[in-house]
Amino acid sequence: GVQSSHMWSANLDSTWGYAENGSVSAYVSVQRRQRDLLSGLEQSPLAPPPSLWNNRLADDNNTVGLTARRKGLLRSRLELLGDLSFSSGKSSYSTSLVNYTDVLCTNYSITCGNLPAIKNDTLRLRLAAGYQLNQAGVVSLHYTYQKLNSNDYFYSGYQLGYTDVTVLPTNQMAPSYSVNVVGISYI
């Protein structure tokens, strides 16, 4: 069962109003979660005491960003907004035996040691402009660029030649992408 679990986070943000209609904001967020688990493997009554092992799952997530806004341009009809952020996440998992040697890991199909970390990094840039056409209507133009880099060993089992004989390989890969989005709207 779960022996201990810890979580903490820290957030910091600040805004600077450099003009009556302009501001720049910066933000940082850091988070850590960790869970420790003690498990056992029951053996036959003639065998030595059951094997005990520890599992540790840890997640680290960090985000940093910068936002700028300017209102009141072009006779108070135009508003500009920019947002740039970077997020990074990492999950790690490890297993170790408590009361036996590492030789038993292979005998009882217990995976010992550290698995490769699962990582993802996301970069996002968002630009927007809104122009007040009249008292009731605004035209908005938006641009977003987002890039995700991910590595996850879980998807290795889906590759042709690496799947179990009872599993159909799909050749799925970790979800990494790069996308550009442009939008225009009338409100």
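Residues numbered from 1 in each chain as written. Predicted model: local features only at pLDDT ≥ 70, side-chain atom pairs only at ≥ 80, totals over all residues. Heavy atoms only, no water.

Q: Sorry, what's going on with the overall build of the protein here?
A: Of the regular secondary structure elements, the protein holds 2 helices and 8 strands. The linear arrangement of helices and strands in the protein, starting from the amino end, is β-β-β-α-β-α-β-β-β-β. Counting every position in the protein, which comprises 187 residues, the buried fraction comes to 17%. Look at the contacts in the protein between residues 6 or more apart in sequence, and 62% of them connect residues 24 or more apart. Total accessible area on the protein is roughly 12800 Å²; 58% of this is exposed by carbon and sulfur atoms. (Helix = DSSP H or I, 4+ residues; strand = E, 2+ residues; numbered from the N terminus. Buried < 20%, exposed > 50% of the residue type's maximum accessible area, 1.4 Å probe, protein only. Contact = heavy atoms within 4.5 Å. Areas by Shrake-Rupley, 256 points an atom, 1.4 Å probe, with all protein chains shown as cover.)

Q: When you look at the pattern of salt bridges in this model, what are you seeing that I'm missing?
A: Here the idea is simple: oppositely charged side chains can pair when their charged atoms come close. For the structure on display, the rule yields 5 salt bridges. Note that aspartate 60 is salt-bridged to arginine 32, the shortest N-O span being 2.8 Å. In this pair, aspartate 60 is assigned in strand β3 (residues 51-72) and arginine 32 in strand β2 (residues 22-41), connecting sequence segments 28 residues apart. Aspartate 83 is paired through a salt bridge with arginine 124; the nearest N and O atoms lie 2.5 Å apart. Taken together, the residues span a long stretch of sequence, with aspartate 83 in strand β4 (residues 78-97) and arginine 124 in strand β6 (residues 118-132) at a distance of 41 residues. (Salt bridge = Lys/Arg side-chain N within 4 Å of Asp/Glu carboxyl O.)

Q: What exactly am I supposed to notice about the pairing of β6 here?
A: Consecutive side chains along a regular strand alternate between the two faces of the sheet. Bridge count for β4 against β6 is 14 bridges, and the pairing is antiparallel. Opposite serine 91, over in β6, you have isoleucine 118 as the bridge partner. Both β6 and strand β7 (residues 138-151) contribute to a ladder of 14 bridges, which runs antiparallel. Paired with leucine 123 across the two strands is lysine 147, which belongs to β7. Count of turn residues in the β6/β7 antiparallel hairpin: 5 residues. (Pairing = 2+ DSSP bridges.)

Q: Explanation requested: the packing of aromatic side chains in the structure shown.
A: What describes a pair of aromatic rings is the distance from one ring centre to the other and the angle between the planes of the rings. Under the defined criterion, the tally for this structure stands at 1 aromatic pair. Note on tryptophan 16 and tyrosine 18: the rings are 5.7 Å apart at their centroids and 50 degrees apart in plane angle, and the pair reads as tilted. Residue classification places tyrosine 18 among the partly exposed residues on the basis of a relative accessible area of 37%. (Phe/Tyr/Trp six-rings, centres within 6.5 Å; stacked < 30°, edge-to-face > 60°.)

Q: Can you walk me through the side chain of aspartate 36 in this structure?
A: Position of aspartate 36 relative to the elements: it lies in strand β2. Here the side chain of aspartate 36 touches glutamine 34 through a polar contact of 3.4 Å, side chain to side chain. Excluding its chain neighbours within four sequence positions, the residues that come into contact with aspartate 36 are Gly1, Val2, Gln3, Ser4, Asn55 and Arg56. (Polar contact = N/O pair within 3.5 Å; in protein donor to acceptor, adjacent residues only side chain to side chain.)

Q: Just to check I follow, could you spell out the environment of arginine 126 for this structure?
A: The residue arginine 126 is located in strand β6 in this model. What makes arginine 126 partly exposed here is its relative accessible area of 27%. In the structure, arginine 126 is positioned 44 residues away from glycine 82 in sequence and 5.7 Å away in space, judged by C-alpha atoms. Looking at arginine 126, its side chain comes within polar contact range of the side chain of histidine 142, at 3.2 Å.

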